[in-house]
Amino acid sequence: MFVRIPMKIPRRLIVLACSLSAFSLAAAQTPAASATLTVRADQPGPVINKNIYGHFAEHLGRCIYEGIWVGEDSPIPNTRGIRNDVVAALKNLNIPVLRWPGGCFADEYHWKDGIGPREQRPKVYNSHWGGVVENNHFGTHEFLDLCEQLGTEPYLAINVGSGSVQEMMQWIEYVTSDGPTPMADLRRANGRDKPWKVKYLGIGNESWGCGGSMRAEFYADLYRQYQEFAKNYGDNRVFKIAGGANSDDYHWTETLMKFAKDRMHGLSLHYYTLPTGNWRGSKGKSTGFDEAQWITTFRRTLHMDTLVTKHSEIMDKYDPEKKVGLVVDEWGTWYDVEPGTNPGFLYQQNTLRDALVAALNFHIFHKHADRVYMANIAQTVNVLQAMILTDKEKMILTPTYHVFEMYKVHQGGTYLPIELKTPDYALGEEKIPAVSATASRDADKRIHLSLANTNPREAIALSTKLEGVSAKKVSGRILTAPAIDSHNTFDAPTVVAPQTFTGATLKDGMLSLTLPAKSVVVLTIE
């Protein structure tokens with residue numbers, strides 16, 4: 001007779017066991033197939049703009065309120081109302097740029113509502129996201145304080161849908177003018193004497209949709225008007241980003257480049273990965289999904305390469321010198337919200353699948369480093385493919401966070417072309433490349449090689465030839481987990497977390513390793 005004896009296991013031991021099981025799982029796999037890779041360190045490409053690792057924080061759900069802003073009277077440790085734990089975690093990512101206040105919220109946001117004494121700021125209705133009351137306690141000063149705490153460049157999204165040219169002009173003057181101007185004096189009256197540096201300005205958001213349901217031709221003329229009044233004050237120089245296409249709307253890009261290319265520095269693009277591809281019905285679950293949705297998610301993610309390629313070809317026609325940057329300022333996964341949460345808050349869990357989605361997107365952006373100037377994942381905290389999830393005073397880091405942290409070594413590096421031969425990962429009628437890779441060289445001449453294996457069941461042996469470099473040392477880290485939907489929770493926050501990877505060896509100029517199933521590996525070669 002078997003008798004089960006109840007036992008309370010300390011949470012730290014459960015977390016340790018999960019981490020060790022993931023490590024053991026990676027270490028024990030026998031490769032079922034092989035791939036070959038050549039890294040062309042002898043043919044360096046363009047610099048990978050650090051802004052590709054940008055972020056996006058909208059007044060949506062619990063991204064701003066609770067996720068970032070708790071108020072100065074909160075028991076949660078904060079600096080001038082901004083959560084210390086979130087700031088510390090985000091600083092570790094070296095966030096280069098942060099977009100705010102939207103998104104769809106930007107085109108109903110009136111910046112003067114968010115300045116002055118907080119108790120006097122008007123409460124407004126957030127019609128896009130959850131129908132909640134926005135108290136405007138987090139406004140221009142608070143956002144720019146956040147950027148200063150993070151050491152990141154601010155990216156302001158301008159209200160074109162329901163705003164005015166004058167409103168935009170006054171906002172730019174308020175934040176950047178150092179003269180005796182009316183808006184600069186208003187800023188000083190609100191406690192900030194010195195102007196801020198604000199480089200990035202998005203003129204409109206999704207003007208084809210929630211930003212005004214405009215035609216490309218109409219928006220092109222409107223953009224030309226607005227940008228004319230986006231003034232430079234002092235030594236602040238505005239980088240003007242035109243509102244770009246939704247996914248594969250190539251007519252939009254053609255129109256904007258044809259009529260406004262000489263008046264913009266960047267043109268945006270939005271694309272989200274939906275496992276089902278269904279905007280109006282179920283988008284798929286964030287956890288508890290099967291392998292069919294696993295592979296479909298990656299196939300739809302890889303479509304980003306087609307989009308960037310085709311939009312870039314149109315931009316090349318009008319701008320062969322590549323003076324206008326492609327700004328992918330909304331990207332990431334979008335699933336059904338977590339059960340029991342407000343549908344308008346877009347709160348979803350974040351799994352190992354999301355980590356691989358992030359890796360695949362970065363590989364694509366690196367490949368197009370000659371045109372992709374910036375990318376901003378949606379969104380930073382508690383919304384869509386977030387870096388961080390919070391529950392009151394608790395905070396956890398997501399698998400996507402860990403990929404951003406592992407990949408920060410590529411920021412500002414020189415792209416190294418690669419030649420990859422990989423087996424396919426197939427399930428039924430679906431088929432995608434099993435291995436994806438990218439490489440860069442940093443200022444200290446170290447090569448960083450990032451790899452992803454999308455096959456959830458089979459490890460792959462990888463042989464890599466390093467051209468143009470005499471490698472003597474390799475070190476690495478790995479992100480994997482026992483299940484395709486493994487994720488971190490407030491009770492078990494390190495189920496998916498990076499571990500040291502020791503499976504790579506160097507011999508006679510060849511790098512060899514076994515890339516475990518469903519994993520992301522980042523190697524440093526010296």
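The structure presented is a predicted model; accordingly, all values stated were derived computationally and were not measured.

Conventions used here
- Residues numbered from 1 in each chain as written.
- Predicted model: local features only at pLDDT ≥ 70, side-chain atom pairs only at ≥ 80, totals over all residues.
- Heavy atoms only, no water.
- Helix = DSSP H or I, 4+ residues; strand = E, 2+ residues; numbered from the N terminus.
- Contact = heavy atoms within 4.5 Å.
- Polar contact = N/O pair within 3.5 Å; in protein donor to acceptor, adjacent residues only side chain to side chain.
- Core = buried A, V, L, I, M, F, W, Y, C linked by side-chain atoms within 4.5 Å.
- Buried < 20%, exposed > 50% of the residue type's maximum accessible area, 1.4 Å probe, protein only.
- Pairing = 2+ DSSP bridges.
- Right-handed = clockwise from strand over helix to strand, strands pointing away.
- 1 Å grid on protein atoms, 1.4 Å probe; cavity = no way out; pocket = protein on both sides within 12 Å on 5 of 7 lines; lining within 4 Å.
- Points joined across faces, edges and corners; volume = space filled by probe spheres on them.
- Nonpolar A, V, L, I, M, F, W, Y, C, P; charged D, E, K, R; others polar.

Caption draft 1: Molecular detail of the environment of K285. Within the element layout of this structure, K285 appears in the loop between β11 (266-273) and α8 (291-318). Between the C-alpha atoms of K285 and Q348, which are 63 residues apart in sequence, the distance is 8.7 Å. Setting aside residues up to four positions removed in sequence, K285 forms contacts with Q293, Y335, D336 and R353. At 3.4 Å, the side chain of K285 and the backbone oxygen of G288 are in polar contact.

Caption draft 2: Structural context of the nonpolar core. In terms of nonpolar packing, the biggest core is built from 141 residues, with W331 and F362 touching the most fellow members. No other element matches the 10 residues that helix α9 (residues 352-367) contributes to this core. For F362, the residues in contact, after removing those within four places along its chain, are I52, Y53, W331, V403, F404 and Y407.

Caption draft 3: Inspection of the pairing of strand β9 (residues 200-203) at higher detail. Burial along β9 is two-sided: Y200 and G202 facing one way and L201 and I203 facing the other are all buried. As defined by bridge partners, strand β8 (residues 153-158) adjoins β9 across 4 bridges and the pair is classed as parallel. In the sheet register, L156 faces β9, and the bridge partner there is L201. Pairing of β9 with strand β10 (residues 239-246), which is carried by 4 bridges, proceeds in the parallel orientation. When the sheet's bridge partners are listed, Y200 is paired in β10 with F239. For the handedness criterion, the β-α-β arrangement of β9, helix α6 (residues 216-228) and β10 is classed as right-handed.

Caption draft 4: Representation of the side chain of T140 within the structure. Here T140 is to be found in helix α3 (residues 140-150). Within the structure, T140 has its side chain in polar contact with the side chain of W171 (distance 3.1 Å). Each residue touching T140, except ones within four places of it in the same chain, is listed here: W100, Y109, W111, G114, I115, W171 and V175.

Caption draft 5: Representation of empty space enclosed by the protein within the structure. Here the structure, examined in full by the defined rule, presents 2 cavities of 30 Å³ or more. Of the voids in this model, the largest cavity is the one considered here, and its volume is about 50 Å³. Together, Y109, W111, I158, N159, S164, E167, M168 and W171 line the largest cavity. For the lining of the largest cavity, the residue count by class is 5 nonpolar, 2 polar and 1 charged. Estimated volume of the second largest cavity: approximately 40 Å³. The wall of the second largest cavity is formed by 14 residues, among which R99, G204, G243, S268 and D329 lie closest to the centre. Ranked by the residues each element gives to the lining of the second largest cavity, the list is headed by β10, at 4 residues. For the lining of the second largest cavity, the residue count by class is 4 nonpolar, 7 polar and 3 charged.

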